Amino acid sequence: MTQVTARPYPYELDPGHTALVVIDMQRDFIEPGGFGDSLGNDVARLAAIIPATAGLIGLFRRHGWPVIHTREAHKPDLSDCPPSKIRRGNPSLHIGESGAMGRLLVAGEPGNQIVEALAPIEGEIVVDKPGKGMFWATGLHERLQAMGITHLVFAGVTTEVCVQTSMREANDRGYECLLVEDATESYFPQFKASAIEMIVAQGGIVGWVTPLRELEASFG
Ligand code: TIU
């Protein structure tokens, strides 16, 4: 175990049993013309975390620790997308409709790909998930158990939607969870701040939060 300075108290990272999960760093959320844009969001905010996220991925790769990438992605026939999800809100384009980067949130479309700077490399796991959480209908828990993973470090977007949902799902499944606060972002700064406070409140009811520099201080 190696201690990482974190809130609400130091996080005990178990190097042989820790994986990084990078949530949904896809063009659909980060670039104009994608799903995030269709919901009326200012997508420029999210691109700002690409350098810190790349730094975090680099740290895991240097140590040979597992890196897992998720994508919010539906099958082309949308059979894994509940009608309620397609109907929700008043978007300029719905899930499955064609935008500037292809069909929104559909696997295989240009907009559904992870941004170039954070692209997965050979041997890294890429999980397509139909929900906001990374465990729903993905089989990921079984894969992590087979790998002996007990600790998960989180990054990605958006903090209060897919990241927080995934972290809560992971917490309920017994993983020790750490969120890297400068490698996650929201379209709404106040929601990022609130999500972080909710995670660390009550003695870390969901997990721990720390900046990238503290992981670098512990592991280089
Ligand atoms: N809309 C929003 O903030 N997020 C999502 O729809 N998905 C993820 O967070 N990935």
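Structure's up top.
Within each chain, residues carry numbers counting from 1 in the order of the written sequence. Totals for whole chains, interfaces and linings use all residues, but because this is a predicted model, local features are given only for residues with pLDDT of at least 70 and pairs of side-chain atoms are given and counted only at 80 or more. Hydrogens and waters are ignored; side-chain quantities use all the structure's heavy atoms.

Caption draft 1: Fine view of the site of the ligand. For this purpose, a residue is taken to be near a molecule or strand whenever a single non-hydrogen atom of the residue falls within 4 Å of it. Around the ligand, a shell composed of D24, F29, F35, L39, E72, K132, V157, T158, V161, C162 and Y187 is seen. At a separation of 2.9 Å, a nitrogen atom of the ligand approaches a polar side-chain atom of E72. Definition of a polar contact: a pair of N or O atoms within 3.5 Å, with one able to donate and the other able to accept a hydrogen when the atoms are protein atoms, and with sequence-neighbouring residues admitted only if both atoms are side-chain atoms. Taking V157, its main chain carries an N or O atom lying 3.2 Å from a nitrogen atom of the ligand. Classifying every residue of the shell around the ligand gives seven nonpolar, one polar and three charged. By the convention adopted, Pro, Cys, Tyr, Trp, Phe, Met, Ile, Leu, Val and Ala count as nonpolar, Lys, Arg, Asp and Glu as charged, and the other residues, Gly among them, as polar.

Caption draft 2: The arrangement of the pattern of salt bridges in detail. Counted as salt bridges are all cases of a side-chain nitrogen of Lys or Arg within 4 Å of a carboxyl oxygen of Asp or Glu. For the structure shown, the criterion picks out nine salt bridges. Between E72 and K132 there is a salt bridge, with its nearest N and O atoms 2.7 Å apart. Here E72 is found in strand β4 (residues 67–72), whereas its partner K132 is found in the loop between β7 (125–129) and α6 (140–147), with 60 residues between them in sequence. Labels follow the DSSP assignment, with helices taken as runs of H or I lasting at least four residues and strands as runs of E lasting at least two, numbered in each case from the N terminus.

Caption draft 3: The sheet that holds β7, seen in detail. The strand order across the open sheet formed by six strands is β7-β4-β3-β8-β9-β10, and the pairing between neighbours is parallel. Either end of the sheet is taken by a strand with one partner, and the two such strands are β7 and β10 (208–210). Within this sheet the neighbouring strands show an average axis-to-axis angle of 25°, counted without direction. The criterion for strand pairing is that DSSP finds at least two bridges linking the strands in question. Bridging between strand β3 (residues 18–23) and β4 involves four bridges; their strand directions are parallel. Paired with V21 across the bridge in β4 is I68. Two residues qualify as a contact provided that any one of their heavy atoms is within 4.5 Å of a heavy atom in the partner residue. Axes here refer to lines fitted to C-alpha atoms; in helices the fit is confined to the stretch in contact. Angles between the N-to-C directions go from 0 to 180 degrees. Packing against the sheet, helix α8 (residues 189–204) makes contact with β9 (176–185) and β10, and its axis sits at approximately 165° to β9.

Caption draft 4: Just the side chain of T210, in detail. One can find T210 in strand β10. With a relative accessible area of 1%, T210 lands in the buried category. From its side chain, T210 meets the backbone oxygen of T5 in a polar contact 2.5 Å long. When near neighbours in sequence (up to four residues on either side) are disregarded, T210 contacts V4, T5, A6, L178, L179, V180, E181, D182 and L215. Buried means the residue's accessible area, taken with a 1.4 Å probe over protein chains only, is under 20% of the maximum for its type, while exposed means over 50%, and partly exposed covers the values in between.

Caption draft 5: Summary view of the pairing of β7. Residues I125, V127 and K129 line the buried face of β7, whereas the alternating positions V126 and D128 sit on a face that is not buried. Strand direction decides the pairing type here: β4 and β7, joined by five bridges, are parallel. Across the sheet, E72 pairs through a bridge with K129, a residue of β7.

Caption draft 6: Seen up close, unusual backbone geometry. Of note, the bond from R7 into P8 is cis; its omega dihedral lies within 30 degrees of zero at 5°. With respect to the helices and strands, P8 occurs in the loop between β1 (2–4) and β2 (11–13). Note that the residue after V157, namely T158, is joined by a cis bond; omega there is -15°. One can find T158 in the loop between β8 (151–157) and α7 (159–172). The phi dihedral of D24 falls on the positive side, at around 55°, and the residue is not glycine. Note that D24 resides in the loop between β3 and α1 (27–30).

Caption draft 7: Structural detail: the pairing of β3. Burial analysis of β3 places six of its six residues in the buried class, the great majority of the element. Of the two faces of β3, the one holding T18, L20 and V22 and the one holding A19, V21 and I23 are both buried throughout.

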